[in-house]
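# Per-entry structural report
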Amino acid sequence: LKPSIWSTSVDNVSMDYALAKTRAAAVSGKGVSLVSTVNALAVMEAEKNSEYAAALRSSFLTLADGAGLVWALRFLGTPVQERVAGIDFMLRLTRTAAAEGLPVYLLGAKGEAVKGTAEALKEQYPDLVIAGWRDGYFNPSDPSVAADIRGSGAKVLFVAMGIPRQEVWVMKNSHLLGDMVAVGVGGAFDVVSG
Ligand code: UDP
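Overview of the structure. (Residues numbered from 1 in each chain as written. Predicted model: local features only at pLDDT ≥ 70, side-chain atom pairs only at ≥ 80, totals over all residues. Heavy atoms only, no water.)

## What about the pattern of salt bridges?
Our working rule: Salt bridges are counted wherever a side-chain nitrogen of Lys or Arg sits within 4 Å of a carboxyl oxygen of Asp or Glu. To sort residues, take the accessible area from a 1.4 Å probe on protein chains only and compare it with the maximum for the residue type: under 20% means buried, over 50% means exposed, and anything in between is partly exposed. Each helix is a run of H or I in the DSSP string that is no shorter than four residues. Each strand is a run of E no shorter than two, and both are numbered from the N terminus.
Applying the stated criterion across every chain, the model contains 9 salt bridges. One salt bridge in this structure joins Lys 2 and Asp 11, with 3.3 Å as the shortest N-O distance. Note on Lys 2: relative accessible area 44%, which makes it partly exposed. Close ionic contact of Asp 179 with Lys 30 constitutes a salt bridge, the shortest N to O distance being 3.7 Å. With Asp 179 in the loop between helix 8 (165-177) and strand 8 (180-184) and Lys 30 in the loop between helix 1 (15-28) and strand 3 (32-38), this residue pair connects regions lying 149 residues apart in the sequence. Lys 30 gets classed as exposed once you look at its relative accessible area, which sits at 71%.

Pasting the structure below:
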């Protein structure tokens, strides 16, 4: 039985398992593999936003971020192995990407924050290949953003535009993005750059 609340289901996976599965998808997956992280607010958003709910259903992995959600899943009798916070997952996946030469693209947040995130990650992981970065304030129906990301050769895309914007954007642009993993990381760039 998949851990679920209302119409949102999450994967009952550990951090290590989620990382291994995501790494495999980045190396040899076909199309866009969306990794979503959800908390209690996201569960409520999915009830009123059918596009976001569809993006969650289309996700390759849905991770339980947020102590409240993890508690509620346990209370409902479908616990998850552990909480997998989006920012922790981003940093672990970045380390893997650096070790394996998988190029990373950073999309989202204000210009200063995304640039600062690129610098901070590069400083922590000197082998990391940053395929490109761009702020998150663009017209979401402009197809050139996804085309640029595809052209960059990125295998891992971190999207930090907040829930539900980031997941909906990935879903609507997946046909333009090519073969890569896309991870919604909310406000993570503001934290990592800060
Ligand atoms: N953001 C963005 N584009 C937008 C709106 C927000 O890139 O059109 C970024 C914002 O700069 C921040 C992140 O998305 O880094 C999360 O934003 P917010 O705190 O509003 O969302 P939440 O954390 O509540 O999901």
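## A look at the layout of surface pockets
Operational definition: Site definitions follow a grid-based scheme: protein atoms alone, a 1 Å grid, a 1.4 Å probe that fits but cannot get out for cavities, and for pockets an open set with protein on both sides within 12 Å along at least five of seven lines, plus lining residues having an atom within 4 Å of a point. Grid points are joined across faces, edges and corners, and a volume is the space filled by probe spheres set on the points.
By volume, the largest pocket is sized at about 320 Å³. Surrounding the largest pocket, 20 residues form its lining, Asn 39, Asp 65, Ile 163, Gly 186 and Gly 187 being those nearest its centre. Elements that contribute at least two residues to the lining of the largest pocket include exactly strand 3, helix 2 (40-48), helix 5 (86-100) and helix 9 (188-193). With 5 residues, the top contributor of residues to the lining of the largest pocket is helix 2.

## Describing the site of the ligand
Cut-off, in case you're wondering: Residues are labelled near a given molecule or strand when at least one of their non-hydrogen atoms is within 4 Å of it. Polar contact is defined as a pair of N or O atoms within 3.5 Å, subject to the rule that within protein one atom must be able to donate a hydrogen and the other to accept it, and that residues adjacent in sequence are counted only when both atoms are side-chain atoms. Only Asp, Glu, Lys and Arg are considered charged in this grouping, and only Ala, Val, Leu, Ile, Met, Phe, Trp, Tyr, Cys and Pro are considered nonpolar; every other residue, Gly among them, is considered polar.
Contacts to the ligand come from 13 residues, most closely from Ala 109, Gly 136, Tyr 137, Arg 165 and Asp 190. Within the side chain of Arg 165, a nitrogen or oxygen atom sits 3.4 Å from an oxygen atom of the ligand. Within the side chain of Asp 190, a nitrogen or oxygen atom sits 2.6 Å from an oxygen atom of the ligand. Its residues placed into classes, the shell around the ligand shows 5 nonpolar, 5 polar and 3 charged.

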